[in-house]
Amino acid sequence: MPEPRQTSARPPSLGARALSAAALPVAPLFGVSLAYLAFHPRRREQREHPRDHGLPCTELKIPFAARKHLDTWLCPGSPEKVVVLGHSMATAKDHSLRHAKFLHEAGYTVCLFDHRNHGASSDDRALFGLGDRFASDVTAVVSHLRGRRGYGTARIAFYGFSFSCFSSMWALTHDGFELDALVCDSGPGHDVPPLLRKFLEAEALPLPAVLKGEPARSVVARTLCAVGPAMLRAQWPPPATGKFAKIPLLFMSGEHDAIVPPSSVDALAERYAQAETHVLPGAEHLLGLETDPEGYASVVLDFLERALG
């Protein structure tokens, strides 16, 4: 699955409309297959390793089920301050290495992992309950660090990117799980179905030419937006009480993000009195660090210094 491209769809030709109408019977089935693909993406080779960025690294395999593991890189720094990094949909932990670099240079222990069905982690072909399953990846990594790697007294922040912003926030609904801070880049948004539609519009999900025209395209989109949330089975957005009333939250969104626009992020953040929001000038989806490296890192490090002490 390619990364989102924020482009406007071209108007379909008359021929495409005719073919699209003929393809209407298969459009709902294709919408279901896209929902499945969104959470079970095709594998891709990881292009970089922490050593390519001068980072010390211990490779871990953290179990999440019998004979199933999460592939993890642990880059030791301070034993008292840890940042666990997620990744965006259909990518892997190597996409977060530039973020790990500036965090490690600031003294933090950094841990990067692949969600199930991503990168080098094991497959999970479940169809439903995926919200809790992806959230349990977050809890498994943090619990492993606290219980098995000597970070039992450390203050730990999770740093999510688009897709992993949702899983990390949902992890906080799990009993017994605690974080000391949460950083979210390019998400999460207030509502899930519109975001799935925007991923489709941005060509982040593959759509055959015969289904790109109307009326089939609308049927595919409606099916995707109905089936995707049903597969997650998560009552979004999370409550504003309990742990969510205490944990420091930083929500960052790109000024020109067409996938998870600032308005959607702000609508979610307004639920939480202690949440901070920051719009990244000139940035598109997940491109805040690339657009302004120094400014971006400054926002994150300032927040973490205040949140983790």
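Refer to the structure presented above.
On a predicted model such as this, the values are computed, not experimentally measured, just so you know. (Residues numbered from 1 in each chain as written. Predicted model: local features only at pLDDT ≥ 70, side-chain atom pairs only at ≥ 80, totals over all residues. Heavy atoms only, no water.)

(A) Geometry of the overall build of the protein chain. Scanning the protein chain from N- to C-terminus turns up 10 helices and 8 strands. Overall, the protein chain is about 60 × 45 × 40 Å in size when its C-alpha atoms are taken along their principal axes. The burial tally for the protein chain puts 54% of its 309 residues in the buried class. For the protein chain, long-range pairs separated by at least 24 residues make up 80% of all intrachain contacts whose partners lie at least 6 apart in sequence. (Helix = DSSP H or I, 4+ residues; strand = E, 2+ residues; numbered from the N terminus. Buried < 20%, exposed > 50% of the residue type's maximum accessible area, 1.4 Å probe, protein only. Contact = heavy atoms within 4.5 Å.)

(B) View of the packing of helix 4 (residues 130–148) against helix 5 (residues 163–171). At their nearest, the axes of helix 4 and helix 5 sit 8 Å apart, and the two run at 80° to each other. Taken as axis vectors, helix 4 and helix 5 run roughly perpendicular relative to one another. Facing Gly131, Asp132, Phe134, Ala135, Val138 and Thr139 of helix 4, the residues of helix 5 in contact are Phe163, Ser167, Ser168, Trp170 and Ala171. (Axes fitted to C-alpha atoms, helices over the stretch in contact; angles between N-to-C directions. Parallel < 35°, antiparallel > 145°, perpendicular 65-115°, else oblique.)

(C) Quick look at the state of the cysteines. If you walk through the whole model with that rule in mind, you get 0 disulfides. Left unpaired, Cys75 is separated from the closest cysteine sulfur, that of Cys57, by 4.8 Å. Residue Cys75 is classed as buried on the basis of its relative accessible area of 0%. Cys165 provides the cysteine sulfur closest to Cys225, a residue in no disulfide bond, and the two sulfurs are 19 Å apart. Given the relative accessible area of 11%, Cys225 is considered buried. (Disulfide = S-S within 2.5 Å.)

(D) Structural detail: the sheet that holds strand 7 (residues 249–254). Reading across from one edge, 1-2-4-3-5-6-7-8 is the order of the 8 strands in this open sheet, with mixed pairing throughout. Each of the sheet's edge strands pairs with one partner strand only, and the pair in question is strand 1 (58–65) and strand 8 (275–280). For this sheet, the mean inter-axis angle between neighbouring strands, taken without regard to orientation, is 20°. Both strand 3 (residues 78–85) and strand 5 (residues 155–161) contribute to a ladder of 5 bridges, which runs parallel. Its bridge partner lying in strand 5, Val82 is registered against Ile156. Running over the sheet, helix 5 touches strand 5, strand 6 (181–185) and strand 7 and is turned about 140° from strand 5. Docked against the sheet, helix 8 (residues 262–269) engages strand 7 and strand 8, running at close to 165° with respect to strand 7. (Pairing = 2+ DSSP bridges.)

(E) Just the pattern of salt bridges, in detail. For the coordinates displayed, the defined rule picks out 14 salt bridges. Of the charged contacts, one joins Arg43 and Asp123 as a salt bridge, the two residues approaching to 2.2 Å between their closest N and O atoms. Separated by 80 residues along the polypeptide, Arg43 in the loop between helix 2 (27–39) and strand 1 and Asp123 in the loop between strand 4 (108–113) and helix 4 bring together distant segments of the chain. Looking at Arg43, the relative accessible area reads 38%, which means it is partly exposed. A salt bridge links Asp137 to Arg116, with the shortest nitrogen-to-oxygen separation between them at 2.7 Å. (Salt bridge = Lys/Arg side-chain N within 4 Å of Asp/Glu carboxyl O.)

(F) Examining the side chain of Ser167 more closely. Within the secondary structure layout, Ser167 lies in helix 5. A relative accessible area of 5% places Ser167 in the buried class. Residue contacts for Ser167: discarding those within four places in its chain leaves His115, Phe134, Ala135 and Val138.

(G) Local environment of helix 2. Given a rise of 1.5 Å per residue, 13 residues ought to cover 18 Å, and the 19 Å separating the end C-alpha atoms of helix 2 matches this to within 8%. The set of residues buried in helix 2 consists of Ala27, Gly31, Leu34, Ala35, Leu37, Ala38 and Phe39. Considering only its buried residues, helix 2 is in contact with helix 4, helix 6 (193–201) and helix 7 (216–232). (Expected span 1.5 Å × (residues − 1).)

(H) Broad picture of unusual backbone geometry. Residues Gly187 and Pro188 are joined by a peptide bond in cis, for which omega reads -10°. Its location among the elements puts Pro188 in the loop between strand 6 and helix 6. One non-glycine residue, Arg233, lies in positive phi territory at about 55°. Tracing the backbone through its elements, the reader meets Arg233 in the loop between helix 7 and strand 7. Positive phi values are uncommon outside glycine, yet Leu286 reaches one of about 65°.

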